[in-house]
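Geometric and topological summary
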Amino acid sequence: QVQLVESGGGLVQAGGSLRLSCAASGIPFRIDAMGWYRQAPGKQRELVALITSGGSTNYADSVKGRFTISRDNAKNTVYLEMNSLKPEDTAAYYCNVRTVRVFGNTYDYWGQGTQVTVSA
């Protein structure tokens, strides 16, 4: 059974830090990338950070310099270190795992989401 278990969300004051983790298991295909998306009420889901199988990273402009994505391949886990948090970072954060199947076709798996709330 495919499982993406997220943890690390919570309530924090502006300027504080949180570390999110997502442990993936049972993924039947090659993992191309792992990342984090977030969605605030009334807003579209947006990419926060991404790390590819080759180690390349990509960040949303709004989090550059504050967030760091990393991975532990042995544990099949991706992390998101969030520093200098702002109220605008408040959202449900979703772990994403992108896999590659035959002929280069991709398929995405999603975690249930973990809530991050940053108070002013």
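Bear in mind that the values here come from a model prediction, so they are computed numbers and not experimental data.

A closer look at the overall build of the chain
Along the backbone of the chain there are zero helices and 11 strands. Listed by position from the N terminus, the elements making up the chain come as β-β-β-β-β-β-β-β-β-β-β. The principal-axis extents of the C-alpha atoms in the chain amount to approximately 45 × 30 × 25 Å. Only carbon and sulfur atoms are counted for the fraction: they give 47% of the accessible area of the chain, which is about 6,400 Å².

Some thoughts on the state of the cysteines
Taken as a whole, this structure holds one disulfide when the rule is applied. One disulfide in the model links Cys-22 with Cys-95; its S-S distance is 2.1 Å. Judged by the sign of its S-S torsion, about -85 degrees, the cystine formed by Cys-22 and Cys-95 is left-handed. Of the two residues, Cys-22 sits in strand S3 (residues 18-25) while Cys-95 sits in strand S9 (residues 91-100), which places them 73 residues apart along the sequence.

Here we look at the pattern of salt bridges
Opposite charge on two side chains lets them pair, provided their charged atoms get close. Overall, the coordinates contain six salt bridges when judged by the stated rule. Here Asp-108 ties to Arg-98 by a salt bridge, and the two come within 2.9 Å at their closest N and O atoms. Of this pair, Asp-108 sits in strand S10 (residues 106-110) while Arg-98 sits in strand S9, placing them 10 residues apart in sequence.

Examining the nonpolar core
One finds Trp-36, Leu-80, Met-82 and Tyr-93 to be the most contacted residues of the largest nonpolar core, which totals 30 residues. Once you skip the residues sitting within four places of it in the chain, Met-82 turns out to touch Gly-16, Ser-17, Leu-18, Leu-20, Arg-66, Phe-67, Tyr-93 and Val-116.

Notes on the pairing of strand S7 (residues 67-72)
By the bridge criterion, six bridges tie S7 to strand S8 (residues 77-82) in an arrangement that is antiparallel. Bridge pairing links Ser-70 to Tyr-79 in S8. If you look at the hairpin formed by S7 and S8, you'll find four residues sitting between the two strands, and Asn-76 has a positive phi there, around 55 degrees.

Procedures and definitions
Residues numbered from 1 in each chain as written. Predicted model: local features only at pLDDT ≥ 70, side-chain atom pairs only at ≥ 80, totals over all residues. Heavy atoms only, no water. Helix = DSSP H or I, 4+ residues; strand = E, 2+ residues; numbered from the N terminus. Areas by Shrake-Rupley, 256 points an atom, 1.4 Å probe, with all protein chains shown as cover. Disulfide = S-S within 2.5 Å. Salt bridge = Lys/Arg side-chain N within 4 Å of Asp/Glu carboxyl O. Core = buried A, V, L, I, M, F, W, Y, C linked by side-chain atoms within 4.5 Å. Buried < 20%, exposed > 50% of the residue type's maximum accessible area, 1.4 Å probe, protein only. Contact = heavy atoms within 4.5 Å. Pairing = 2+ DSSP bridges.

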